[in-house]
Amino acid sequence: MPTPNRTLITAALMGFTFAVAGCSKSDQAKTQADANATAADVKTSTDKAGAEVSADAKKLGEDVKTSAKGAGEDIKAISKDPEVKKAAGELKGSLKDLGSALKDASKKHHAEGDDATTTTTTVTTTTEKTTEKK
């Protein structure tokens, strides 16, 4: 999994390697020690950042859980409110009345359609025969 830190470390180590190739033994040892120290610092920083992200994710999860629980309690309290129950009953009655009115109107419309007179049109076609004289 390439990350910016990993890419930076790789580039730094390659630079150190090329620089070390042209240096004396004491310079090479110092460069190697510096590279190792840098790698250790990056590893420590990465571990620390990972721990912080993990802690933040855990805190966020707890916040979401608390918020959901609070919302559930609010909804439960609202559903027990007598005014809300009364409004729900009124809405239910209104919807029932509306359904009955639609059903009655539909029956009336169909009944009126059955009583209507229908007109039938008959078309007569006449054909003529013609004979040719020879």
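In this text, all values refer to a predicted model and were calculated from it rather than measured experimentally.

**Here we look at the overall build of the protein chain**
Link 1 in the chain: A count of helices and strands for the protein chain gives three helices and zero strands.
Link 2 in the chain: Counting only residues that meet the buried cut, the protein chain has 2% of its 134 residues in that class.
Link 3 in the chain: As presented, the protein chain carries roughly 12,300 Å² of accessible surface, and 60% of it is formed by carbon and sulfur atoms.

**Digging into the pattern of salt bridges**
Where side chains of opposite charge bring their charged atoms close, a pairing between them can arise.
Link 1 in the chain: For the coordinates displayed, the defined rule picks out three salt bridges.
Link 2 in the chain: Put simply, D34 and K30 hold a salt bridge, and the shortest N to O gap is 3.4 Å. With a gap of four residues between them, D34 and K30 both fall in helix 2 (residues 25–80), about one helical turn apart.
Link 3 in the chain: Looking at K30, the relative accessible area reads 52%, which means it is exposed.
Link 4 in the chain: Taking the shortest distance from any N to any O, the salt bridge between D63 and K59 comes out at 3.7 Å. Here K59 and D63 lie together in helix 2, a separation of four residues that amounts to about one turn.

**Re a nonpolar patch on the surface**
Link 1 in the chain: Together, L91, L95, L98 and L102 give the surface a local cluster of nonpolar side chains, amounting to about 420 Å² of exposed area.
Link 2 in the chain: Its place among the elements puts L95 in helix 3 (residues 82–115).

Calculation rules
Residues numbered from 1 in each chain as written. Predicted model: local features only at pLDDT ≥ 70, side-chain atom pairs only at ≥ 80, totals over all residues. Heavy atoms only, no water. Helix = DSSP H or I, 4+ residues; strand = E, 2+ residues; numbered from the N terminus. Buried < 20%, exposed > 50% of the residue type's maximum accessible area, 1.4 Å probe, protein only. Areas by Shrake-Rupley, 256 points an atom, 1.4 Å probe, with all protein chains shown as cover. Salt bridge = Lys/Arg side-chain N within 4 Å of Asp/Glu carboxyl O. Patch = residues over 30% accessible without salt bridge, like charges linked within 9 Å, V, L, I, M, F, W, Y side chains within 5 Å.

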